Amino acid sequence: MQVVKLSSKNQIVLPKKAREAMHLKPNAELLVVVKNDLTIILPKPKSHRKALSGIGKGIYEKDYMEKERRSW
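Notes on the structure follow. (Residues numbered from 1 in each chain as written. Predicted model: local features only at pLDDT ≥ 70, side-chain atom pairs only at ≥ 80, totals over all residues. Heavy atoms only, no water.)

1. Examining the overall build of the chain
Counting its secondary structure elements, the chain contains 3 helices and 2 strands. Relative to the 2.2 N^0.38 estimate, which gives 11 Å for 72 residues, the radius of gyration of the chain is 19 Å and therefore markedly larger than a compact globule would have. The buried share of the chain, taken over its 72 residues, is 3%. Within the chain, contacts between residues separated by at least 24 positions form 3% of all contacts whose residues are at least 6 apart in sequence. (Helix = DSSP H or I, 4+ residues; strand = E, 2+ residues; numbered from the N terminus. Rg over C-alpha atoms; globule rule 2.2 N^0.38 Å. Buried < 20%, exposed > 50% of the residue type's maximum accessible area, 1.4 Å probe, protein only. Contact = heavy atoms within 4.5 Å.)

Below, the structure written as structure tokens:
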């Protein structure tokens, strides 16, 4: 874990290891998500649709949707 400092202009420098892990290049846009006392920094996806595609896969059992459709 690395420690970064907040500059007098409220800026931080992401460590090289973090930039490489996120495949960031200069002028890349980042998403900042704040939940209570936790802050998460993520690379902004080129397509939100592609980034979220399949995120729910495996949540329901295999035939769940068919069973629900038949119940109607």
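2. Here we look at the pairing of strand S1 (residues 30–35)
Burial within S1 is sparse, with just 0 of its 6 residues counted as buried. Relative to strand S2 (residues 38–43), S1 runs antiparallel, the two sharing 6 bridges. Considered in S2, the bridge of Val34 is made with Thr39. A loop of 2 residues connects S1 with S2, the two strands running antiparallel in sequence, and Asn36 in this loop sits at a positive phi of about 55 degrees. (Pairing = 2+ DSSP bridges.)

3. Observations concerning the environment of Ile12
Along the chain, Ile12 turns up in the segment before helix H1 (16–21). In sequence terms Ile12 and Lys25 are 13 residues apart; their C-alpha atoms lie 16 Å from each other. The contacts of Ile12, once residues within four sequence positions are left out, are Val4, Lys5, Leu6 and Ile41.

4. Some thoughts on the environment of Ala21
Take Ala21: it is sitting in helix H1. Residues Ala21 and Glu61 lie 40 residues apart in sequence; the distance between their C-alpha atoms is 33 Å.

5. Some points on the pattern of salt bridges
Under the defined criterion, the tally for this structure stands at 4 salt bridges. For the salt bridge of Glu29 with Lys44, the shortest nitrogen-to-oxygen distance reads 3.0 Å. With a gap of 15 residues between them, Glu29 in the loop between H1 and S1 and Lys44 in the loop between S2 and helix H2 (48–52) connect regions that are remote in the sequence. Its salt-bridge partner being Lys67, residue Glu61 comes within 2.9 Å of it at the nearest N-O pair. (Salt bridge = Lys/Arg side-chain N within 4 Å of Asp/Glu carboxyl O.)

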